[in-house]
Amino acid sequence: MADTITLIDDRTGKTVTVAINDGVFNSSALRELDPDLRMYDPAFLSTAACSSSITYLDGEAGILRYRGYPIEQLAEKSTFLEVAYLLLNGELPTADELDEWAFDVTHHTFIHENMRKRFVDGFHYDAHPMGMFVSSVAALGTFYPDAKDIFNKQSLDRQTLRLIAKVPTLAAMAYRFSMGLPFVYPDNSLSYSENFLNMMFKVGDDYKVDPVLARAMDLLFILHADHEQNCGTTAMRVVASSQSDPYSAAAGAASALYGPLHGGANEAVLHMLREIGTLENVPAFVQSVKDGNGKLMGFGHRVYKNYDPRATIIKKAAYEVFEVTGKNPLLDIALKLEQTAVEDEYFISRKLYPNVDFYSGLIYEALGFPAEMFTVLFAIPRTVGWLTHYAELLSDKEQKISRPRQRYTGASERNYTKIEAR
Ligand code: CMC
């Protein structure tokens, strides 16, 4: 059978036949039928807005691969910086390439003193760390006038390096500010994840990063590094399509991530588990969700109609972290909630399973992070994905400025009335 689709405009009898490649047909064929005809696809449920060679996702089968490598293998064998290199460059690095990349990232972790003294110190004392993160990513770009030189590869690579190196510093700074703690400068002798934990939690000279916890942090960073065309990455691409600099685009992407339906879900899960409070309350809570009172946070996904493979890996890692930190008391409630939901017809029929955010908050809390930091922990590694998509978009000759059309449903033409006559 031919891999084509034939569209018929019943109003005119015109037809157009168009090729289907990789499950996608080019909707510009519609314009051959009628230049004014549009497809109505709110929230892009049926729209492929780009070609991409970065991340592969099969939601029915629960498969996630970065540049072809299964997430399970990367989670077990790789490090976050190696995965970052893989995403950005398309191939795993050689030992020398990895050394050079890790050295470069490590030596770009400092930020201008004015960022801390003037910018961050200006926030209100109870500013949400994610709000601080969003705005400080945008502000960071103002320190680098060359950031606008986006079609100069050397310059773009420099901004990419700066952003990846500095987002943990910005994140830790937001946390220390909100706690009223003195800022801890980056330590170039530590790995990416160790350095982040050190900047977060060091108080006095005795603090030593536990290697098991640093590995858990690194693993969580690997799992969050990219996830194809999600809401934040789409925001990154839309902003980038107007040729904004990567800092401004990343701030836009981080803003999208902030929402509770996206990266804000991990924080919402923790609040939900606390609200449930005891195992006995689980069935009533699930019933109230089924009755339409809110959602089961950390459940469901636009693409996964099966277990989110990241959730499976995180759940396993949680036990390793709890060996060091002691069990998070909310774990039992989460397990009971999962079990109740996955056996319930409401969730089965809608193919709702735990997503990446369901268990990540439990580890984050065990590592010592307050719930307000959870989305920031998602944003740090996702910066790599955003920048990879940014570069891919700029080099894609088929892309133009994003500019969807609308179905107008407002008033037809009418005359202005004077204020006294209204
Ligand atoms: N709890 C209860 N019901 C749900 C949930 C949930 N978590 N998610 C979806 N449903 C129901 C929804 O009400 C709808 O029911 P009906 O057909 O009766 O109207 C049906 O399932 C289909 O849901 P949808 O809203 O059409 O699905 P979507 O693809 O638009 O939304 C989602 C995906 C992730 C926004 C949604 O599942 C959700 O809000 N989940 C909770 C928030 C969450 O955990 N977000 C993190 C997503 S994973 C990480 C990331 O990408 O950031």
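Refer to the structure printed above.
A brief look at the structure comes next.

What counts, and where the lines are drawn
Residues numbered from 1 in each chain as written. Predicted model: local features only at pLDDT ≥ 70, side-chain atom pairs only at ≥ 80, totals over all residues. Heavy atoms only, no water. Near = heavy atom within 4 Å. Polar contact = N/O pair within 3.5 Å; in protein donor to acceptor, adjacent residues only side chain to side chain. Areas by Shrake-Rupley, 256 points an atom, 1.4 Å probe, with all protein chains shown as cover. Nonpolar A, V, L, I, M, F, W, Y, C, P; charged D, E, K, R; others polar. Buried < 20%, exposed > 50% of the residue type's maximum accessible area, 1.4 Å probe, protein only. Helix = DSSP H or I, 4+ residues; strand = E, 2+ residues; numbered from the N terminus. Arc of directions from axis to C-beta. Contact = heavy atoms within 4.5 Å. Salt bridge = Lys/Arg side-chain N within 4 Å of Asp/Glu carboxyl O. Core = buried A, V, L, I, M, F, W, Y, C linked by side-chain atoms within 4.5 Å.

## So, the site of the ligand
Part 1: Close to the ligand lie 21 residues, the nearest being His-262, Leu-296, Gly-298, Phe-299 and Arg-302.
Part 2: Between the ligand and the protein, one listed contact pairs an oxygen atom with a backbone N or O atom of Gly-263 at 3.4 Å.
Part 3: Taking Leu-296, its main chain carries an N or O atom lying 2.7 Å from a nitrogen atom of the ligand.
Part 4: Alone, the ligand offers 930 Å² of accessible surface; in the complex the protein occludes 72% of this.
Part 5: When grouped by side-chain class, the residues that make up the shell around the ligand number eleven nonpolar, six polar and four charged.

## Here we look at helix α13 (residues 282-290)
Part 1: Regarding α13, the residues found buried are Val-282, Phe-285, Val-286, Ser-288 and Val-289. Across the axial projection of α13, the buried residues extend over an arc of 160 degrees, all falling on one side.
Part 2: Where the residues of α13 are buried, they touch α12 (265-276), α15 (331-342) and α16 (345-349).
Part 3: Positioned one or two residues after α13, Gly-292 has a phi angle of 100 degrees, which is positive.

## Some points on the pattern of salt bridges
Part 1: All chains considered together, the criterion is met by 15 salt bridges.
Part 2: Two residues, Asp-146 and Arg-158, come together in a salt bridge whose shortest N-O distance is 2.9 Å. One end of the pair, Asp-146, is in the loop between α6 (129-141) and α7 (153-179); the other, Arg-158, is in helix α7, with twelve residues separating them in the sequence.
Part 3: On the basis of relative accessible area, Asp-146 is assigned to the partly exposed category, the value being 22%.
Part 4: For Lys-315, the salt bridge identified is with Glu-338, shortest N-O distance 3.3 Å. Note that Lys-315 is positioned in helix α14 (residues 309-325) and Glu-338 in helix α15, a separation of 23 residues in sequence.
Part 5: For Glu-338, a relative accessible area of 6% gives the class buried.
Part 6: Taken together, the shared-partner salt bridges in this structure form one network comprising Asp-9, Arg-11 and Asp-34.

## Digging into the nonpolar core
Part 1: Counting 122 residues, the largest nonpolar core has Phe-196, Met-272, Leu-337 and Phe-369 as its most contacted members.
Part 2: With 13 residues, α7 is the single largest residue contributor to this core.
Part 3: In this structure, Val-16, Ala-29, Leu-30 and Leu-33 belong to the second largest nonpolar core, which totals six residues.

These values are about where atoms sit, not about what they do.
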